[in-house]
Amino acid sequence: GQTNLKSPQDIQVYVVNTNFTLRWNYTGNDTNTTFSAEYQWFGNTETNETEWKELPGCQNVTRMECDFSSAITEYYDTHHVRIRAEGREEVSPWSSIFEIIPYFIAQIGPPGIELQSTNGAIKIKVSPPEANQVRKMWISYLDFKYNLVIWENSSNAEFRSQSIFPTDIIDDLAPDTTYCLKVQATLPLDLKEGLFSPIRCVKTTRKAVNDLFCATNVSVLALNMKFHLHWNNRYKQHVSYNVQYLIGYLKKLPDDYSVKWLNVPGCENITDTQCSFSSIITTVSGFYYLRVQAMSEYNTSCLSNEVKVDPLRTNEIGPPGVKVDISDVLLHIQISPPGGSESEVMRDHYDLSYRVLYWKNSSNNEEEIKMKEIKQTIGTVSDLTPSTLYCVKVQAFSEFYNKSSRYSEEKCIRTPGDEIFPLVILATFVIALITVLLVATLLVFALYQAYAKMKYVFFPSCQPPLNIEGFGGQLFSSPYMSTTEEPIANFSIIETVITEEVNQIDFKDYKHSKQSSRDSGNYSNDDDTSGSKVSEEMLEKEIV
């Protein structure tokens, strides 16, 4: 087991796109030494095999580097690499293990570029890294961003950097001047910066002179999601304009987007130097590019510079609407979001807050202006002074977009005086008292009526006379007492009990006294009434 060969040291793996290179150092003085490497792959979850295998492209190499790109196909799995020196009859111990996850150590390769000098500018087309490769480390080429570095090919050159699209125009260049440039691809989400492309140089041409009628100073004015494009016209003759737009994501594609520009509806063949393009803003998550095509009376055309529109960032917030009202001792403030109630974009995407300023509008200019910030569209102010004119104005703002509106128009309202509040309290008390009395009266009346009905039914005030028998038959019968008939020749014995009853409501007071005489069968009544007289006459007739 003894050997005189030393193990390789300082093992490194370099990855550019899908190209893998293994490098190392060797300090031995042995001649005719070669090197061989092995690797382990820890991504086979089915068999869980992690045995060491020969590393293709790195067997019996004489240099201190080798290319093993063909061996690695899984770029997100863990791999181990080791290497040893080999002589004629002996081998060195294995080196220390070097662990790699390819995607995390990989570098972005240089992009391809094509240049064309046209009308005083440079048209550039960038091809993404790995454009012509079957195996790719970077799956989505749409995630790439490109940085351009350009400078004049002179001894005192100044470097200028800017972001570009896969197909772009580089303008603001001096005519008849040679410019050199290079391009770098980046992946911002992964914090990766790639290698620059080889330097390319091109000479610019002179710009055509037919641009006098081109639209200049193209700008966008947007308020509450209402977008207008404005430009200037330097040409004194007749000129018509077409406003054109391009959906932003098309510039991210490597294809040529020059044929994908569309005319804005309502902005075709116009002579005004402004036009509304709100109709094309169908989403606020993307962005748009606009330009103006000018057409002269000689059927020649010229395109203006492009302007980029990011709807939520380009748009400005307008002032909100405000209404004020007084209730008791509170000042109520009702806010209408900018753009009106129909502007859902303003409400849903800006997450608006409101800055409310209020103050006493008096002759004293030193009155303090107070401020409060609210998220709701309804606010209140307390601790008001009676008989005082208060004024309010409101500003809408969005913290996320760092935008704020102008303040709304001032709205003023006067608080009631001190003498009004006691009167309001007194009036409220009187009304409540009258209401309670009316309800109580109605309740007492209803109870009285119920009581009277029950008394009339169950305890009547006028009762019929007690049993009266004879006189050719029973004239009356009482349900309260039973009667017996004792037939006596030519006589009827009448036994009556006259009750004394006093009823102060239905009848006058009467006093009845009773005298019974069983010998004569007659009765007398001290207080004669018409009813008793009739009874006596009927009795006499019966006796006869």
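See above for the structure.
Residues numbered from 1 in each chain as written. Predicted model: local features only at pLDDT ≥ 70, side-chain atom pairs only at ≥ 80, totals over all residues. Heavy atoms only, no water.

K.L.:
Could you give an account of the state of the cysteines, naming the residues involved and the relevant values?
P.N.:
Applying the stated criterion across every chain yields a total of five disulfides. Across the disulfide from Cys214 sits Cys302; the S-S distance is 1.3 Å. Every disulfide takes its handedness from the sign of the S-S torsion; for Cys214 and Cys302 that torsion is 95 degrees, giving right-handed. Note that Cys214 is positioned in the loop between β16 (200–203) and β17 (215–223) and Cys302 in strand β23 (residues 301–303), a separation of 88 residues in sequence. You'll find Cys214 and Cys302 in the same group, each marked buried. Two residues share a disulfide in this structure: Cys391 and Cys412, whose sulfurs sit 1.9 Å from each other. Taking the torsion about the S-S bond as the criterion, the Cys391 to Cys412 disulfide, at about 105 degrees, is right-handed. With a gap of 21 residues between them, Cys391 in strand β30 (residues 389–398) and Cys412 in strand β32 (residues 411–414) connect regions that are remote in the sequence. The class of Cys391 is buried, set by a relative accessible area of 0%. On the basis of relative accessibility, which here comes to 37%, the residue Cys412 falls in the partly exposed class. If you count the bonded cysteines of the chain from the N-terminus, they pair up as 1-2, 3-4, 5-8, 6-7, 9-10. (Disulfide = S-S within 2.5 Å. Helix = DSSP H or I, 4+ residues; strand = E, 2+ residues; numbered from the N terminus. Buried < 20%, exposed > 50% of the residue type's maximum accessible area, 1.4 Å probe, protein only.)

K.L.:
Please set out the sheet that holds strand β21 (residues 274–276) residue by residue, giving values where relevant.
P.N.:
Strand order across the open sheet formed by three strands is β17-β18-β21, with antiparallel pairing between neighbours. The outermost strands of the open sheet, each flanked by one partner alone, are β17 and β21. Each adjacent strand pair in this sheet contributes to an overall mean axis angle of 20 degrees, direction not counted. With seven bridges connecting them, β17 and strand β18 (residues 226–233) associate as antiparallel partners. (Pairing = 2+ DSSP bridges. Axes fitted to C-alpha atoms, helices over the stretch in contact; angles between N-to-C directions.)

K.L.:
With reference to specific residues and values, describe the sheet that holds strand β6 (residues 79–86).
P.N.:
If you trace the four strands from one edge of the open sheet to the other, you get β4-β3-β6-β7, paired in antiparallel fashion. For this open sheet the edge positions go to β4 (53–54) and β7 (98–100), each flanked by a neighbour on one side alone. As judged from the three bridges shared by β6 and β7, these two strands associate in the antiparallel manner. When the bridges of β7 are listed, His80 appears paired with Glu99.

K.L.:
How would you explain the nonpolar core if you had to name every residue and give the values?
P.N.:
Counting 51 residues, the largest nonpolar core has Leu229, Trp231, Phe277, Leu290, Leu331 and Ile333 as its most contacted members. With sequence-adjacent residues up to four places away left out, Leu290 is seen in contact with Leu229, Val243, Gln244, Tyr245, Trp261, Val264, Phe277, Ile280, Asn305, Glu306, Val307 and Val309. Counting residues in hydrophobic clusters, the runner-up holds 46 residues, among them Tyr26, Cys58, Leu115 and Met137. (Core = buried A, V, L, I, M, F, W, Y, C linked by side-chain atoms within 4.5 Å. Contact = heavy atoms within 4.5 Å.)

K.L.:
Kindly report on the packing of aromatic side chains, identifying the contributing residues and their values.
P.N.:
Scanning all chains against the criterion turns up 15 aromatic pairs. With 6.2 Å between their ring centres and 75 degrees between their planes, Tyr103 and Phe104 make a pair best called edge-to-face. Where Trp231 meets Tyr241, the ring centres are 5.4 Å apart and the plane angle is 65 degrees; that geometry is what we call edge-to-face. With Trp231 in strand β18 and Tyr241 in strand β19 (residues 239–247), this pair connects stretches of sequence that are 10 residues apart. (Phe/Tyr/Trp six-rings, centres within 6.5 Å; stacked < 30°, edge-to-face > 60°.)

K.L.:
Please provide a residue-by-residue account of the pairing of strand β25 (residues 321–327), values included.
P.N.:
Alternating positions in β25 separate cleanly, Val322, Val324 and Ile326 being buried on one face and Gly321, Lys323, Asp325 and Ser327 remaining unburied on the opposite face. Taken together, the seven bridges between β25 and strand β26 (residues 330–336) define a ladder with antiparallel strand orientation. Paired with Asp325 across the strands is His332, a residue of β26. Linkage of β25 to β26, two consecutive antiparallel strands, is achieved through a turn of two residues, within which Asp328 is found at a positive phi near 55 degrees.

K.L.:
Could you give me a rundown of the pattern of salt bridges, with the residues and numbers involved?
P.N.:
Taken as a whole, this structure holds nine salt bridges when the rule is applied. A salt bridge links Arg23 to Glu65, with the shortest nitrogen-to-oxygen separation between them at 3.2 Å. Note that Arg23 is positioned in strand β2 (residues 19–25) and Glu65 in strand β5 (residues 65–67), a separation of 42 residues in sequence. With a shortest N-O distance of 4.0 Å, Lys123 and Asp256 are connected by a salt bridge. Placement of Lys123 in strand β10 (residues 121–127) and of Asp256 in the loop between β19 and β20 (262–263) is noted, with a sequence separation of 133 residues between them. Taking relative accessible area as the criterion, Asp256 reaches 36% and is therefore assigned partly exposed. (Salt bridge = Lys/Arg side-chain N within 4 Å of Asp/Glu carboxyl O.)

So, to be careful, I would describe these as geometric facts and stop short of saying anything about function.
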